[in-house]
Amino acid sequence: MKIQYSFLKDYLSTDLSQQKLADVFTKVGFECESDGPIIDFDITPNRGDVLSLRGLQREFQAQQSKVFKDKSHYKTLTFKKDKTIINKIDKSGCGNYQLMLVRGLHSVKVLDKKKRNFLSAAGVPLIHPLVDLGNYVMLEMGTPMHVFDSDHLELPLNILFPISKKTPFQAIGGDTKIVEPSSLTIQDQKGIQAIAGIIGGHETSVSNSTKSIAVEAAFFNPDKIANQARKYGLATDASHRFERGVDPELQQQALARFLFLLKGIAQYDSIGCYKGSSVKLKPKAISLSVERFNYFSGLSLSTKKIKLFLETLGFTSMPTKTAHLKFQVPSHRFDMELEEDLYEEILRCYGYDNIPINPPKSGPVVKVTDHSVSAKLKGGLVFGGFQELMHMPFVSTKTFYALNSNEWIPAELSNPINENEPLMRGSLFGSLFSAINLNVKKGYSAIKFFEHGNVFRKIKNGFAQESHISGLIYFHESQKTWSDKSFQYDLFSLKAEVLKLLETLKVKSIQLVPNASATIFTANAMDILVGKNKIGMLGEINPTSTNKLFKNPAFGFEIYPEKISTKSSALKLIPVSKFPSSSRDLNILINQSYSYAEIETVLLHRKIKFLHSLALANTFEGNGIPDGSISMTLRFMFQSPSKSLQESEINESMDHAFSLLNKALKAKIRS
Amino acid sequence: MQIPQDLIDTAKLKLKSVQSEAEFFQLRSQYLGKKSFVISSFAELKSLDPDSKIAAAKELNILKSKLNHLFEVALEGIQAKTDVSLLDTTLPADPYFVGAEHPIAEISQRVINYFSPLNYQVFSGNEIETDFFNFEALNFPANHPARQMHDTFYLNAGKKSEYLLRTHTSNSQIHAMLREPLPLYMLSPGRVYRCDSDTTHLPMFTQIEGLVVDEDVNFGDLKGIIINFLEYFFNEKMEVRFRPSYFPFTEPSAEVDIKFGDNGWLEVLGCGMVHPNVLKGCNIDTKKYRGFAFGMGIERLAMLYYGVDDIRDFYSSNLDFLNQFSS
């Protein structure tokens, strides 16, 4: 809400500078920003009562420990019931409906310059003096008004809810809106003349030929107004106030004020004031325990002080038989329900900054959560030279299916910000590919990126969210040093990188199992398993999934931190041998159809005596090696926990190893 | 025969200034060559009487042995030095990658680093959420104007979808209160979404939510931890201002501003005492327990901390920008 400083200063009868005045309101919860001579008030949605000069005045006076006094001039009017003017009222939607008929208008002048400037500064367009006057009273008193050209109304009016069917309605300005049955409407004998609390009709709008007006001041139930304006693509000053709650006891005063000011700009023949059957809202009362308040706030305020604070804000202290205080809530405070709501009011008056500060407390000892696994993995990647990236998670349909299995159903937004990207990502790789493309263009030739974030998909009973950490390694040019040493990053470099990361983080029993059918990787991809639990994947990126964003092979991995157990098993220490180890090589020829994993399984799962570890020292194909076979040099290391091994014992174990390989995998000794 | 007493010391001194093997052997020959004092003295032994001869021979042998040892050790040192050919060690290292956390992740971690020693548990939260956890359980009634402050993304999920992208990390409060035992001290970082995009807003940004539910907490405790945290975060004594505000899930609510350089007061986070309706909705006995909660936008903190002007830079993937944070 924008208010001219000069206007507000006069209204509040204060000499405070613009900055100091803004500070007063900011400190009590109405954040102000100055824009030249205008103060822009950020009024929170619970405080519709402050969307007016009167509301600001009430708050300002409370800060000076003064009880509010109405400053607006008007003569009290008498309102009567007349079924020929206001007939039916739906009480669930309208608690109070008043209409003032002014006939025989003439010599209508524009509002004075001060009021016109005030309206313009508030962002309210000047339309017609009679409409402008209604808007002025709304900004002054907080009660929205609507001015009909009553010569175009066929009275009586009915305030109806719900209406039976969708009905077209031409709103002020000429746009036709289809009125929903759920809207509260003001109807005359011809049909809908206004959508209550939102907008009036084109046919009854005020023009230069207007001679008679019907000025409406009402209280519409916020529940019936909320979200209605949005349905019609409208957001009016009136709907903004009605949604937040308008003082239901102010309508007659507002019409009296309108009439008082009307006399200054126009002449008229007669007036008539009418009221519909109104619902008298029962005033709310809230009890307050001084002891509880002081415990809650850490203060020790007296009963007297608490009463003073609340009374300046318009609360009325009520007699009570208990030890607690009781306050009647003023009719304009829609936000008051609970004792805690009163606490806030007292603290606002006391000043949040005056509340004493306690030293920080700590909680009970915590358990490890999945967050710590992610944090460790990310730390490992950073030390491994990866730059972390973050991206928006919105993707196109094409990108989603290029990176995810066809079995995945995407999570689709019904109101995407960009209609070309209506889906939530199912993989982190899409953005990482684009990031490579961007940075290669910028001249970076060697890139290691990772991202940590969630991926999404639709499942049977809702949506699934999985945490992924995905990484990419890409070399746009081969890496050579000034001394011509070259580095060749390949699938096995990636394997080392991922194993180093996971093993350093003490992830036990990792297995890398080929998976030739992953969408994003080539056929040489691997699943990372811990037991039967898949905790990630790695492999060379399939060029078809990158949309030709880069030309060279890229290597990637994804790890699912939520799948990595945070429970550490009890450590079982094995005594360290004091005796020397011996290594022996075994050259074998083996059919290429067997994998190295099968060799490991044969050797490590059978108990070969004294075998401490096994490594692959070398492989060879080509000259002297039969077609379809491969030569492998296996390096065995033997060690005993209790003695130095004899040559004969090592030979015996080597013979055992070879016989196992020969029997299971038809391996031969390579001579 | 007169044997000079300082022979060994002189040899040691001279060896210190030897720079090459050639110099070394030249010096060695002076002390242990045919014409050296020690070796030539052995020839002179013949002329001595038997008693003197034995004593002098013994003395000469000791001297020779000491010199031999001295020169052997010295030779090893010289060879060790001269075996390595001198390199230009200022030439560049082999290529290497410098990794770095994303600045937003780094700022999040900085926040966590403050609260972790105070035993705040860190929980992840749901980004796709139901209306219940994002709004209703947080005391946002249906159709309440407060919901309009949150431009919400909704998900397509059949006729009446109540799934949405969470608009704040406060949904984690509800999950934690329904799941965890009390007292509860928690922190929940994560991404949140608002259907809004311009130069100062992004449709996705990062928040960290904090929540404490315990028996004896009051507004002074909330103020204490927030002020202490801000001073830790910015690593200086801060002028901090609490001003009343409105969040449906806290009562009283406050916005926290800091005095920041020449910029005057800047809003950095929102907080408040947990609204009794929220506690009751999570089956918490409000007579026994109270709570406070706070939430902060990480991008905003990062922009202040690093002096970044354009929020979009954080999500640009531009190494020219990001590399500046790794140095």
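Values in this document were obtained by computation on a predicted structure and should not be read as measured data. (Residues numbered from 1 in each chain as written. Chains lettered and ligands numbered in written order. Predicted model: local features only at pLDDT ≥ 70, side-chain atom pairs only at ≥ 80, totals over all residues.)

### Description of the overall build of chain B
- Helix and strand counts for chain B come out as 12 helices and 9 strands.
- Relative to the compact-globule value of 20 Å for 327 residues, chain B shows a C-alpha radius of gyration of 39 Å, a clear excess of over 25%.
- Over its C-alpha atoms, taken along the principal directions, chain B stretches across nearly 125 × 45 × 45 Å.
- Out of the 327 residues in chain B, the part that is buried amounts to 38%.
- Across chain B, the fraction of contacts at a sequence separation of at least 24, relative to all contacts at a separation of at least 6, is 64%. (Helix = DSSP H or I, 4+ residues; strand = E, 2+ residues; numbered from the N terminus. Rg over C-alpha atoms; globule rule 2.2 N^0.38 Å. Buried ≥ 20, exposed ≤ 12 C-beta atoms within 10 Å, placed from the backbone. Contact = placed C-beta atoms within 7 Å.)

### Details of the overall build of chain A
- The number of helices and strands found in chain A is 18 helices and 32 strands.
- The C-alpha atoms of chain A give 40 Å as radius of gyration, which overshoots the globular expectation for 671 residues (26 Å, by more than 25%).

### Some thoughts on the domain arrangement of chain B
- Its domain assignment divides chain B into domain 1 (7–83) and domain 2 (103–326).
- Inter-centroid distance (C-alpha atoms) of domain 1 of chain B to domain 2 of chain B is 82 Å. (Domains from an automatic or database assignment.)

### Notes on the nonpolar core
- If you look at the biggest cluster of nonpolar residues, it comprises 138 residues, and the most contacted ones within it are Leu432 and Ile436 of chain A together with Cys271 and Phe292 of chain B.
- Ignoring anything within four residues of it in the chain, the contact list for leucine 432 of chain A reads Leu389, Phe449, Glu451, Ser470 and Leu472 of chain A.
- Counting residues in hydrophobic clusters, the runner-up holds 77 residues, among them Leu8, Leu153, Ile192 and Ala214 of chain A. (Core = buried A, V, L, I, M, F, W, Y, C linked by C-beta atoms within 7 Å.)

### Notes on the sheet that holds strand β12 (residues 199–200) of chain A
Residue and element names in this part refer to chain A.
- The strand order β4-β7-β10-β11-β12 describes an open sheet built from 5 strands, whose pairing is mixed. Among the strands making up the open sheet, the edge pair consists of β4 (86–89) and β12.
- Sheet topology note: the β4/strand β7 (residues 157–160) ladder contains 2 bridges and is parallel. If you follow isoleucine 86 over to β7, its bridge partner there is leucine 157. (Pairing = 2+ DSSP bridges.)

### A short note on the sheet that holds strand β29 (residues 582–591) of chain A
Residue and element names in this part refer to chain A.
- Overall, antiparallel pairing links the 4 strands, which are arranged β30-β31-β29-β32 in an open sheet. Strands with a single pairing partner mark the edges of an open sheet, and in this sheet they are β30 (611–620) and β32 (668–669).
- As defined by bridge partners, β29 adjoins strand β31 (residues 629–638) across 10 bridges and the pair is classed as antiparallel. Paired with asparagine 591 across the strands is serine 629, a residue of β31.
- On top of the sheet, helix α18 (residues 647–665) reaches β29, β30, β31 and β32; it is set at about 20° to β29, its chief contact. (Axes fitted to C-alpha atoms, helices over the stretch in contact; angles between N-to-C directions.)

### Quick look at the domain arrangement of chain A
- Under the domain assignment, chain A is made up of domain 1 (2–63), domain 2 (86–275), domain 3 (285–354), domain 4 (370–563) and domain 5 (582–669).
- Computed over C-alpha atoms only, the centres of domain 2 of chain A and domain 4 of chain A are separated by 59 Å.

### Section: unusual backbone geometry
- For the bond running from leucine 155 of chain A to proline 156 of chain A, omega is 5°, close enough to zero to count as cis.
- Along the polypeptide, proline 156 of chain A turns up in the loop between β6 (145–149) and β7.
- The amide bond that connects glutamate 251 of chain B to the next residue, proline 252 of chain B, takes the cis arrangement and shows omega of -5°.
- On the secondary structure map, proline 252 of chain B appears in strand β7 (residues 250–259).
- Positive phi is not limited to glycine here, since lysine 506 of chain A has a value of about 65°.
- Non-glycine residue asparagine 283 of chain B carries a positive phi angle of around 60°.
- Tracing the backbone shows asparagine 283 of chain B in the loop between α10 (276–281) and β9 (290–297).
- On the basis of neighbour count, asparagine 283 of chain B is assigned to the exposed category, with 8 C-beta atoms found within 10 Å.

### Side note on the pairing of β6 of chain A
All names here are of chain A.
- Most of β6 sits inside the fold, with 5 of its 5 residues counted as buried.
- Going residue by residue along β6, you find Met145, Val147 and Asp149 tucked away on one face and His146 and Phe148 tucked away on the opposite face as well.
- As judged from the 5 bridges shared by β6 and strand β13 (residues 213–220), these two strands associate in the antiparallel manner. Across the sheet, valine 147 pairs through a bridge with valine 215, a residue of β13.

### Examining the pairing of strand β3 (residues 38–42) of chain A
Residues and elements named next belong to chain A.
- Residues Ile39 and Phe41 point to one face of β3 and are all buried, whereas Ile38, Asp40 and Asp42, pointing to the other face, are not buried.
- Two strands pair when backbone bridges link them, and strand β1 (residues 2–4) and β3 are joined in this way by 3 bridges, in the antiparallel orientation. Following the sheet pairing, lysine 2 is matched in β3 by aspartate 40.
- As judged from the 5 bridges shared by strand β2 (residues 31–35) and β3, these two strands associate in the antiparallel manner. Looking at the pairing, glutamate 31 lines up with aspartate 42 of β3.

### Considering the environment of histidine 73 of chain A
- Here histidine 73 of chain A shows up in the loop between α3 (53–63) and β4.
- Each C-alpha atom, one on histidine 73 of chain A and one on arginine 635 of chain A, is 102 Å from the other, the two residues being 562 residues apart in sequence.

### Quick notes on the interface of chain B and chain A
- If you look at the interface, chain B gives 67 residues, while chain A gives 79 residues.
- Broken down by secondary-structure element, the contributors of at least two residues to the side of chain B that touches chain A are α5 (103–115), β1 (121–122), α7 (145–148), α9 (219–234), β6 (240–247), β7 and α12 (319–326) of chain B.
- Tallying contributions element by element places α9 of chain B first for the side of chain B that touches chain A, with 8 residues.
- Looking at the side of chain B that touches chain A residue by residue, the classes come out as 40 nonpolar, 18 polar and 9 charged. (Nonpolar A, V, L, I, M, F, W, Y, C, P; charged D, E, K, R; others polar.)

### Details of the packing of helix α10 (residues 290–297) of chain A against helix α12 (residues 339–350) of chain A
Residue and element names in this part refer to chain A.
- The N-to-C vectors of α10 and α12 enclose an angle of 65°; their axes lie 11 Å apart at closest approach. In the packing of α10 onto α12, the handedness of the crossing is right-handed. Two secondary-structure elements touch here, α10 through Phe293, Phe296 and Ser297 and α12 through Tyr343, Ile346 and Leu347.
- The residue inventory of the contact of α10 with α12, partitioned by class, reads 5 nonpolar, 1 polar and no charged. (Left-handed = near helix turned anticlockwise from the far one by under 90°.)

### Points about the packing of helix α1 (residues 5–12) of chain A against α3 of chain A
All names here are of chain A.
- Orientation of α1 relative to α3, taken along the N-to-C sense of each, is 60°, at an axis distance of 10 Å. Comparing the axis directions of α1 and α3 gives the class oblique. α1 and α3 meet at a crossing whose hand is right-handed. Each of Leu8, Tyr11 and Leu12 in α1 lies in contact with α3, whose residues at this interface are Leu53, Leu56, Gln57 and Phe60. (Parallel < 35°, antiparallel > 145°, perpendicular 65-115°, else oblique.)

### Here we look at the environment of lysine 35 of chain B
- With respect to the element layout, lysine 35 of chain B can be found in the loop between α2 (21–32) and α3 (37–44).
- Placed 92 residues apart in sequence, lysine 35 of chain B and glutamate 127 of chain B show a C-alpha to C-alpha distance of 93 Å.

### Points about the confidence of the model for chain B
Residues and elements named next belong to chain B.
- Summary statistics for chain B give a mean pLDDT of 90 and a share of 97% for residues scoring 70 or more.
- Looking at the elements of chain B, mean pLDDT is at its lowest for α7, recorded as 72, and at its highest for strand β5 (residues 204–214), recorded as 97.
- Among the prediction metrics, the complex's ipTM stands at 0.86, with pTM recorded as 0.84. (pLDDT = per-residue confidence, 0-100.)

### Some thoughts on helix α11 (residues 303–312) of chain A
All names here are of chain A.
- Those residues of α11 not exposed but buried are Ile306, Phe309, Leu310 and Thr312. In a view along the axis of α11, the buried residues occupy a sector of 165°, so they form one face of it. Residues Thr303 and Lys304 are exposed on α11 and point more than 90 degrees away from its buried face.
- In this fold, the buried residues of α11 make contact with α3, α10, β17 (325–328) and α12.
- Of the residues one or two after α11, glycine 314 is the one with positive phi, at around 100°. (Arc of directions from axis to C-beta.)

### A short note on the environment of leucine 529 of chain A
Residues and elements named next belong to chain A.
- For leucine 529, the position within the fold is in strand β26 (residues 526–530).
- Taking the number of C-beta atoms within 10 Å as the measure of exposure, leucine 529 has 16 and is therefore partly exposed.
- For leucine 529 and valine 513, which are 16 residues apart along the polypeptide, the C-alpha to C-alpha distance reads 7.2 Å.
- With residues up to four places along the chain from it excluded, the contact list for leucine 529 reads Gln511, Val513 and Lys534.

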